[in-house]
Amino acid sequence: MNESSLKKRLAKLNLGGLRYFESLGSTNDEALAWAARGADDFSLVVADEQTQGRGRLDRKWFTPKGSAIAMSLILRPTAVMRSHLSRTVGLAALSLADACLKLGLSPKIKWPNDILLDSKKTAGILVEMVWAGEDADSLVIGMGINVHKSAVPPRETLQFPATSLEDMLGNAPKREDIIFQILSNVQRWREQIGTERFIQAWEEKLAFRGEAIQIHAGGAESHQGILDGLESDGSLRICDEHNKSVIVRFGDVSLRPTA
Ligand code: ADP
């Protein structure tokens, strides 16, 4: 992938703008700065290498050169998107998952922000916003996708196992094609972000549904229960040992080890 091959592949999508970097600290940082300076809707930042890629809570996201997709999409929210801001991570997750489905894979969404293939992390999402007072001025959807095997961090550095599209398919698809597919999916799903169907589609792709999980929400706070589904705002609903619904807005989900 290079700037001209990417531009050519994305030509039909009517991007607001495209900035391509051989190497960049973080595509989200670049996109946030661009958005604050007035980037158009559907503008895209892509980097072949990310040296300061971020996950949630200042965790690091690994993007070595030539092996992965690191991109951040800027969306100017419509009125409907504004009333469903917390669904933005679902918009990204569904778009990524559908791109994997199209490759013949069986993606699952590890709530809230990871895509699993064969129960291993293949992609991560980081949504950030630029505010204008009380209003969301722009949304920045960051995505990191392990395309080649060499994108996968060493096992001993990870809390959760990881894989790549190449590991799953036997060969690495062209990064331009994956980016095209994801962006087309975003265009389609953003039209439906306010619908019940959107939540259903998101829920259907959740990993660990119906299974016993635990959620660590930072510090000593943790929840245990059966993963039930999603609330309308994208929060996770679990069913605890007293058969009571518990709603969780933030945290790290893992399967509960069986004794
Ligand atoms: P999670 O939602 O799983 O906590 P984050 O979105 O916060 O993950 O992403 C950061 C974490 O993901 C890091 O702490 C690291 O363990 C893991 N990680 C970093 N780079 C990659 C990668 N390329 N593929 C899979 N996992 C990664």
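Shown above is the structure to which this text applies.
So, how was this worked out
- Residues numbered from 1 in each chain as written.
- Predicted model: local features only at pLDDT ≥ 70, side-chain atom pairs only at ≥ 80, totals over all residues.
- Heavy atoms only, no water.
- Pairing = 2+ DSSP bridges.
- Helix = DSSP H or I, 4+ residues; strand = E, 2+ residues; numbered from the N terminus.
- Axes fitted to C-alpha atoms, helices over the stretch in contact; angles between N-to-C directions.
- Near = heavy atom within 4 Å.
- Polar contact = N/O pair within 3.5 Å; in protein donor to acceptor, adjacent residues only side chain to side chain.
- Areas by Shrake-Rupley, 256 points an atom, 1.4 Å probe, with all protein chains shown as cover.
- Nonpolar A, V, L, I, M, F, W, Y, C, P; charged D, E, K, R; others polar.
- Contact = heavy atoms within 4.5 Å.
- Parallel < 35°, antiparallel > 145°, perpendicular 65-115°, else oblique.
- Left-handed = near helix turned anticlockwise from the far one by under 90°.

Topic: the sheet that holds strand β12 (residues 252–255)
Then, number 1: If you walk across this open sheet you meet the five strands as β11-β10-β9-β8-β12, and the pairing is antiparallel. Of all strands in the sheet, those bounded by a partner on one side alone are β11 (245–248) and β12. Taken pair by pair, the neighbouring strands of this sheet meet at an average axis angle of 50°, ignoring direction.
Then, number 2: In this sheet, β12 lies alongside strand β8 (residues 212–216) in antiparallel orientation, the contact comprising four bridges.

Concerning the pairing of strand β6 (residues 120–132)
For a regular strand, side chains alternate in direction, first toward one face of the sheet and then toward the other.
Then, number 1: Note: strand β5 (residues 114–117) against β6, four bridges, orientation antiparallel. Bridge assignment links L116 to a residue of β6, and that residue is K121.
Then, number 2: Taking the residues that link successive antiparallel strands as the turn, the β5-β6 hairpin has two residues, and the phi of D118 there is positive, at about 50°.
Then, number 3: Where β6 lies against strand β7 (residues 135–146), ten bridges are found, and the strand directions are antiparallel. When the sheet's bridge partners are listed, V127 is paired in β7 with I141.
Then, number 4: Counting the residues in the hairpin turn of β6 and β7 gives two residues, including G133, whose phi is positive at 65°.

Some words on the site of the ligand
Then, number 1: Contacts to the ligand come from 15 residues, most closely from R56, R59, F62, D114 and K121.
Then, number 2: Here a nitrogen atom of the ligand and a backbone polar atom of F62 are 2.9 Å apart.
Then, number 3: Contact between the ligand and D114: an oxygen atom at 2.8 Å from a side-chain N or O atom of the residue.
Then, number 4: In isolation the ligand exposes 560 Å². Once the protein is present, 89% of that is buried.
Then, number 5: Counted by class, the shell around the ligand contains six nonpolar, three polar and six charged residues.

Some words on the sheet that holds β6
Then, number 1: Across the sheet, seven strands lie side by side as β1-β2-β3-β7-β6-β5-β4; this open sheet has mixed pairing. In this open sheet, the two edge strands, each paired with only one partner strand, are β1 (17–21) and β4 (108–110). On average, adjacent strands in this sheet sit at an angle of 20° to one another, irrespective of strand direction.
Then, number 2: Relative to β5, β4 runs antiparallel, the two being bridged by three bridges. Along β5, the bridge assignment pairs K108 with L116.
Then, number 3: Seen against the sheet, helix α1 (residues 3–10) touches β1 and β2 (43–47) and runs at an angle of roughly 155° to β1.

A closer look at the packing of helix α4 (residues 88–102) against helix α6 (residues 175–190)
Then, number 1: The interhelical angle for the contact between α4 and α6, taken along N-to-C directions, is 130°, at an axis separation of 8 Å. Relative to α6, the element α4 is oriented oblique. Note that α4 runs across α6; the crossing there is right-handed. Counting all contacts with α4, which are made through L91, L94, S95, L96, D98, A99 and K102, the residues of α6 involved are Q181, I182, N185, V186, R188, W189 and R190.
Then, number 2: Its residues assigned to classes, the contact of α4 with α6 comprises seven nonpolar, three polar and four charged.

In short, geometric facts, not functional conclusions.
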